[in-house]
Every structure is written in structure tokens, then in C-alpha cells.
Amino acid sequence: MANISGKVYGLTVLSPIIEDNRLDICHSMELRWYLSQLPRDSRSPFAQLSSTYLARLVVMDDVIFVGHPAHEEHLKSRYLVFETNFDGDLDTYLRRMATETKEFVEAVWKHCVGFPGTGNVGAFIAYMKKCQITTTFFFADVNDQTVESTLQALKTQTSLAHFMERHEGTPAAELQRAFGEFYQKLSKSP
């Protein structure tokens, strides 16, 4: 099914950017600057949305037709392209965006045509759905696990690697005892 792969929802949104030649700095340039300043680590607005596998925002100026025979095509507007893969359903994710990352959403989408703001969450959800296009290509490399279970698996893998490094060359009986303790500790961790 389009937009869904296992437990992962793939959202692609193209929001037209406001064109206003009366401004000193156009909306697309201001938006590019803002996006370039966003943190890309645990301080990212999308890190606040715990179900996010990945998210990216890009300003698209135009497209180039590369088929044959070549001919010129142009977009009628610049677009903000928003791609994200996340756990769960679309309405819940968009609601969380509008409430948990409100300042970020306002700062980004205020540059887009028809953006209703986040004050009316239902209007925001409707706007994002209106700008949504069908997604059939997913970036998340797991489709049957949640973000939380994937992170837990990575944590377990890292813990096991550290255990192996610390106990390299340990006599078998001592290694077996240490592994039993490690396993008990690991099974009790959240």
C-alpha cells in the first residue's frame, strides 16, 4: 500500500513557497537559512517526535526533465519538500508536530502558501494532507519494528560489542559467569 510499509508511514509533502518580490530577502532564501541552522542531532525538532526514523526538509527551486527527447519544463513555484518516515498513523504524527514542535513548524511553514498556522490543529493537519503526495520509496531500513525497538536493538548490539571487547581472552568459566551477569543486567534494562 502506498505511504505505508509494514509499521512505517512514509510522508512526502510539497508546500508551495510564497513569492513576494517586495521583500528584501525572499521567503525561499530565509527558509534555506533557517533550515541550515537547525541542529541535526538529539536537539533536532524531529528528535522530539520519538516515532521519527528520519526527516528532511529541502527547498526545491525547479525540476529538470532528463528524459528523451529532452524538453524544458518548469515548476510554477518553489516548493518546500518535507520527507519523513515514522511509526504510527498520519493524523497522530501531524498532531504531535503541531503541538510538540509548534515553534519549529511555524518558523518553517510560515513561508508557504496557505499555511494556516498551528493554532487550529485540524486545519494544520488538513493543510499538510492537501500538500501530501503519494510515497512509495522509504528511507527507513526496517519496516516491521518501531523506532523504539530498533533503538533498543542497537543499544543491545553496542552493549554486546563492549562486553566482547572487555572479555577478550578471558578463561571460559569466568567468561560464562560474566556473560550470565551481562545477560541478566541486559534483560532487566528498559
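Look above for the structure.
The following paragraphs examine the structure supplied in this document.

Scoring rules and cut-offs
Residues numbered from 1 in each chain as written. Predicted model: local features only at pLDDT ≥ 70, side-chain atom pairs only at ≥ 80, totals over all residues. Heavy atoms only, no water. Helix = DSSP H or I, 4+ residues; strand = E, 2+ residues; numbered from the N terminus. Buried < 20%, exposed > 50% of the residue type's maximum accessible area, 1.4 Å probe, protein only. Contact = heavy atoms within 4.5 Å. Patch = residues over 30% accessible without salt bridge, like charges linked within 9 Å, V, L, I, M, F, W, Y side chains within 5 Å. Areas by Shrake-Rupley, 256 points an atom, 1.4 Å probe, with all protein chains shown as cover. Salt bridge = Lys/Arg side-chain N within 4 Å of Asp/Glu carboxyl O. Phe/Tyr/Trp six-rings, centres within 6.5 Å; stacked < 30°, edge-to-face > 60°. Pairing = 2+ DSSP bridges.

Bringing the side chain of S15 into the picture now. The topology assignment puts S15 in strand 2 (residues 8-16). You can call S15 buried: its relative accessible area is 0%. In contact with S15, other than residues within four places in its own chain, are R78, Y79, L80, W109, C112, Y127 and C131.

Here the focus is a nonpolar patch on the surface. On the surface, L160, M164, F179 and Y183 cluster together into a nonpolar patch covering about 400 Å² of accessible area. Within the secondary structure, L160 is located in helix 5 (residues 147-166).

A separate point is the packing of aromatic side chains. In the structure shown here, the tally under the stated rule is 10 aromatic pairs. Ring geometry for F115 and Y127: centres 5.9 Å apart, planes at 70°, overall edge-to-face. Linking F115 in the loop between helix 3 (102-109) and helix 4 (121-131) with Y127 in helix 4, this pair joins segments that are 12 residues apart in sequence. Its relative accessible area of 14% is what places F115 among the buried residues. Both rings, one in F179 and one in F182, keep their centres 5.8 Å apart while their planes meet at 40°; by these two values the pair is tilted. Residue F179 and its partner F182 are both found in helix 6 (residues 172-188); the two are separated by three residues, about one turn of the helix. Given the relative accessible area of 38%, F179 is considered partly exposed. By relative accessible area, F182 is classed as buried at 13%. Here the aromatic cluster, defined as three or more aromatic residues joined through ring pairs, consists of F46, F82, F104 and W109.

Moving on, we get to the pairing of strand 4 (residues 79-87). Most of strand 4 sits inside the fold, with eight of its nine residues counted as buried. Strand direction decides the pairing type here: strand 3 (residues 52-60) and strand 4, joined by eight bridges, are antiparallel. If you follow M60 over to strand 4, its bridge partner there is Y79.

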